[in-house]
Structures are given as C-alpha cells and as structure tokens.
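Geometric and topological summary
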Amino acid sequence: MDRKKIYLSSPTMHGEEQKFIKEAFDTNWVAPLGPNVDALEKEMAEYTGAGHASALSAGTAAIHLALRILGIGEGDLVFTPSLTFSATCNPIIYEKATPVFIDSEYDTWNMSPQALERAFEKYGPPKAVMVVHLYGTPAKLDEIMAICKKHNVPLIEDAAESLSSTYKGKHTGTFGKIGIYSFNGNKIITTSGGGMLVSDEEEITKKATFLSTQARDPARHYQHSQIGYNYRMSNITAGIGRGQLLHLEEHKAIKKKIYEQYKKAFEDIEELSMNPLNKDGDANNWLSCVLIKEGSKITPDIIMDALQELNIESRPIWKPMHLQPVFEKYDFITADGSDKNPDHSVAADIFKRGFCLPSDIKNTDEDMELIINTVRKCFNK
Ligand SMILES: *Cc1c(COP(=O)(O)O)cnc(C)c1O
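What comes next concerns the included structure. (Residues numbered from 1 in each chain as written. Predicted model: local features only at pLDDT ≥ 70, side-chain atom pairs only at ≥ 80, totals over all residues. Heavy atoms only, no water.)

1. What about the packing of helix H3 (residues 59-69) against helix H7 (residues 202-212)?
As a packed pair, H3 and H7 sit with axes 10 Å apart at the nearest point and diverge in direction by 115 degrees. Between H3 and H7, the angle falls in the class roughly perpendicular. Between H3 and H7 the crossing geometry is right-handed. Of H7, the residues touching H3 (which contributes Leu65, Arg68 and Ile69) are Ile204, Lys207, Ala208, Leu211 and Ser212. In terms of residue class, the contact of H3 with H7 is made up of five nonpolar, one polar and two charged. (Axes fitted to C-alpha atoms, helices over the stretch in contact; angles between N-to-C directions. Helix = DSSP H or I, 4+ residues; strand = E, 2+ residues; numbered from the N terminus. Parallel < 35°, antiparallel > 145°, perpendicular 65-115°, else oblique. Left-handed = near helix turned anticlockwise from the far one by under 90°. Contact = heavy atoms within 4.5 Å. Nonpolar A, V, L, I, M, F, W, Y, C, P; charged D, E, K, R; others polar.)

2. Looking at the nonpolar core
In terms of nonpolar packing, the biggest core is built from 35 residues, with Leu40, Met44, Tyr135, Leu163, Phe183, Met196 and Ile317 touching the most fellow members. Only helix H2 (35-48), strand E1 (52-56), strand E9 (195-199), helix H8 (235-245), strand E12 (289-292) and helix H11 (346-353) provide two or more residues apiece to this core. Considering each element in turn, this core owes the most residues, four residues, to H2. When residues no more than four places from it in sequence are discounted, the contact partners of Met196 are Leu40, Glu41, Met44, Ala53, Ser54, Ala55, Ala62, Gly179, Ile180, Tyr181 and Phe183. (Core = buried A, V, L, I, M, F, W, Y, C linked by side-chain atoms within 4.5 Å. Buried < 20%, exposed > 50% of the residue type's maximum accessible area, 1.4 Å probe, protein only.)

3. Thoughts on the state of the cysteines
Disulfide: a covalent bond formed between the sulfur atoms of two cysteine residues. As enumerated under the stated definition, the model contains zero disulfides in all. Cysteine Cys148 is unpaired, with the sulfur of Cys89 as its nearest cysteine sulfur at 16 Å. You can call Cys148 buried: its relative accessible area is 3%. Counting only cysteine sulfurs, Cys356 is the nearest neighbor of Cys378, a cysteine outside any disulfide, at a range of 16 Å. Relative accessible area serves as the criterion here: at 15%, Cys378 is assigned to the buried category. (Disulfide = S-S within 2.5 Å.)

4. A closer look at the site of the ligand
As a matter of local geometry, the ligand sits amid 16 residues, with Thr60, Asp158, Glu161, Ser182 and Lys187 nearest to it. A distance of 2.7 Å separates a nitrogen atom of the ligand from a polar atom in the side chain of Asp158. Contact between the ligand and Glu161: an oxygen atom at 2.6 Å from a side-chain N or O atom of the residue. For the ligand, whose free accessible area comes to 380 Å², the fraction covered by protein is 94%. Looking at which element gives the most residues to the shell around the ligand, the answer is H3, with three residues. Among the residues making up the shell around the ligand, the classes are represented as six nonpolar, seven polar and three charged. (Near = heavy atom within 4 Å. Polar contact = N/O pair within 3.5 Å; in protein donor to acceptor, adjacent residues only side chain to side chain. Areas by Shrake-Rupley, 256 points an atom, 1.4 Å probe, with all protein chains shown as cover.)

5. Some remarks on helix H9 (residues 248-265)
It helps to recall that an α-helix has 3.6 residues per turn; residues three or four apart then point in one direction. Between its terminal C-alpha atoms H9 stretches 26 Å, which fits the 26 Å expected from 18 residues at 1.5 Å a residue. By the burial criterion, the buried members of H9 are Leu248, His251, Lys252, Lys255, Ile258, Tyr259, Tyr262 and Ala265. Down the axis of H9, the buried side of the element spans an arc of 165 degrees, and every buried residue falls inside it. Exposed side of H9, more than 90 degrees from the buried face: Lys257 and Lys264 are the residues found there. Those residues of H9 that are buried are in contact with H2, H8, strand E10 (272-274), strand E11 (281-282) and helix H12 (365-378). (Expected span 1.5 Å × (residues − 1). Arc of directions from axis to C-beta.)

6. Remarks on H7
Taken as a whole, H7 has its buried residues at Ile204, Thr205, Ala208, Leu211 and Ser212. What you see down the axis of H7 is that its buried residues fit within an arc of 125 degrees, all on one side. When the buried face of H7 is taken as reference, the exposed residues oriented beyond 90 degrees from it are Glu203 and Lys206. Next to the buried residues of H7 lie E1, H3, strand E8 (178-182) and E9.

7. Regarding the packing of aromatic side chains
Within this structure, the stated rule accounts for 11 aromatic pairs. Ring plane angle 90 degrees and centroid distance 5.4 Å describe the contact between Phe79 and Phe120, whose orientation is recorded as edge-to-face. Placement of Phe79 in strand E2 (residues 77-81) and of Phe120 in helix H5 (residues 113-123) is noted, with a sequence separation of 41 residues between them. Judged on exposure class, the residue Phe79 and its partner Phe120 are both buried. (Phe/Tyr/Trp six-rings, centres within 6.5 Å; stacked < 30°, edge-to-face > 60°.)

Following this line, the structure appears as structure tokens:
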C-alpha cells in the first residue's frame, strides 16, 4: 500500500520545541531536572489553574505516585472505571491494592454515578476513587464528587486524555485532590513521553517530586527513609512540552473541528452516532468516536477493515478492564445490578458497538473526505 498513512492521533510539532531543546543543550541541562522542567511545571499550573504541578516521566508514573501519596497499599480498595486504558489501573496493582471496576453510563461513556453509589453501598468507602475523562469528555463530576465528599473519600482524576477540557468552566484534572496528565506521543500535546501530577496542595506535588527522584532525605550523604522511584521528567522532554503548550488551544480547536466535521457528515446515517459530549463541559475531542446502532449489520470491524485497506488508522474502543484476563478476578459493579452478566454492561456494549476515528491534527480536507466517504460507503451512502 503506497497511499500515505492517515494516523489516529500522531504528534504535531511546530518548531518552538526545538528552541527550548537547543537552550537545554547549549546550557548543558541534559538531565531529569533543569529550567525547562521548572518552567513547564509553572506553565502547566498556570494554564490549568491547578495550584501546583510536578513533572514526571509518564502519566502512568503520575497515577502511581498519586496512589503512593494517598497512602494506598495492600488490600485497600480503589474504585475505578472499567472502560479505560489499562494504565489507569495498573498502578493500583503495583501497590497491591484492590480495584473495583465501575460501569460506564451512556451520557458521557464515563464512570456511572449510580454504579459508583452501588459500589459504596456494597463495600463502604474505598481508600480512593479514580475518575477518567474518556476521549476528552468530562465525566459527571458534580455527581461523582458529591458521593466522594459525602463519604470523605479522595478523588484522583486521570485526565491523561482530557488536557484542556473543562467542566463548568474549570479544567479537568483540577477537581480531585490529585489530577494527572499525560504527554505520550498520541495525546493532544506530547513531550514524546511524559506526565504531570497537579494539586491545589503544594505539599502533594512536593511529595511527588521527592518520590520521583529516589526519595532522598535532606542530608549530605544518601539517606533514605522511604522507597523512591526514578520518575522525574528530563529537561529535554520538558523543552518539547513548553513548545507544545504554546499550541494546545490551537490543537483543541482543530480536534473540535474534526469532531464537528464527522458529526455533520454522518448526520443522515441513522445507524451511526458520535461519542457523547458532556453538556456541562467543553471537551478537547481528543479522539472522535462513533457508536453503531444495536442490530445493525455493519460492525466496527467491517468499517475498520475498510479504512485499513486505504492505510487509514482507526482503533477499537478500550476493552473494558473487567473483561481483561489480567483483571478478571476483581469485582465489577453496574448501575442496575446486572453485575453477574458483565457482557451486558454499558462498558461492554460501547466496546462492542463503537470505535475511534482518525483524529489527527494534521488531517487535510482530502484526508477527511476520504475517511468520511469510506465510512459512508459501508452504509451504502
Ligand atoms: C495515556 C493514558 C494514560 C497513561 O499515560 P502515559 O503517559 O502513557 O503513561 C493513563 N490513562 C489514560 C486514560 C490514558 O489514555
């Protein structure tokens, strides 16, 4: 296939990134610390409105440190959505804690407040609740936070996919006690790899930075009273991040336009609907996704195959965690109590009937036309 590849979501560089990298080289700040790291933390805290930020090597590292900082350990319960990327949940296992997977709701595809309520009824308060803003759509934060507040349980926000999305005018990632962002290659902005932990409490981000640099106690010799990690962001990658941050709002506007283009182009296909947006939020539309009507003869595989034929990348919806071999022994809670029939959950249904469309910022008008026509053809349009 010699047609140029159309990507799901690939890095979009602008040039300023190189200026910050060059500065790092010229001053020999080639290390997991330095002026770009400090500046990116400050700029991210300012941009999101989070009080404080700690720059780390990955979003997954940020989630891991969030759990450590909240003191989550062996046997502790963490309520987390089933419909997400495994990186949300893996750190729960690193700490030998126990995830309880919560079903999604159709309104936003995120954690169902009703199912969360049922998990509280079944288990009592967990040590933490982790919410995810899937594909950039904010979760029902008012409802979820009210439940957490009532039981005095800290909320962690996995905003890896939703940097720049807001809920009632405030940035996702800044509602919980701790929020995390990812700068992986496919996210809305990238440092090639990296993450950020944010919090209103400076004590928390300071602790994250401390743990991310091997937990060295203040002393001339190497003194350790806690287990640490090598999770700090490098000054080179932070330079890429500073250049990217200048273009975040522009990336968001393009992602929004892509979503609107798809929505309009598929309006007359009764069997297709776009992924839902939260009416109380402003999504970054990181990935545009569709859901195929139940009973349709056209499956996501048929459309993804047709796109693949033309060298166009698409992707299934995240396979729910409760259906993963590595997590199947953990409990799964639905809103309506059909927990013992996990294949009929909302999460499993969205996984079965949905998929992600190419949402690359560099898609040209011709690319969009080709994608749209290929999808439409599957429905004889
Ligand atoms: C990408 C992603 C992560 C992990 O971030 P990395 O920077 O790749 O470690 C965590 N959670 C979700 C929902 C993600 O999409």
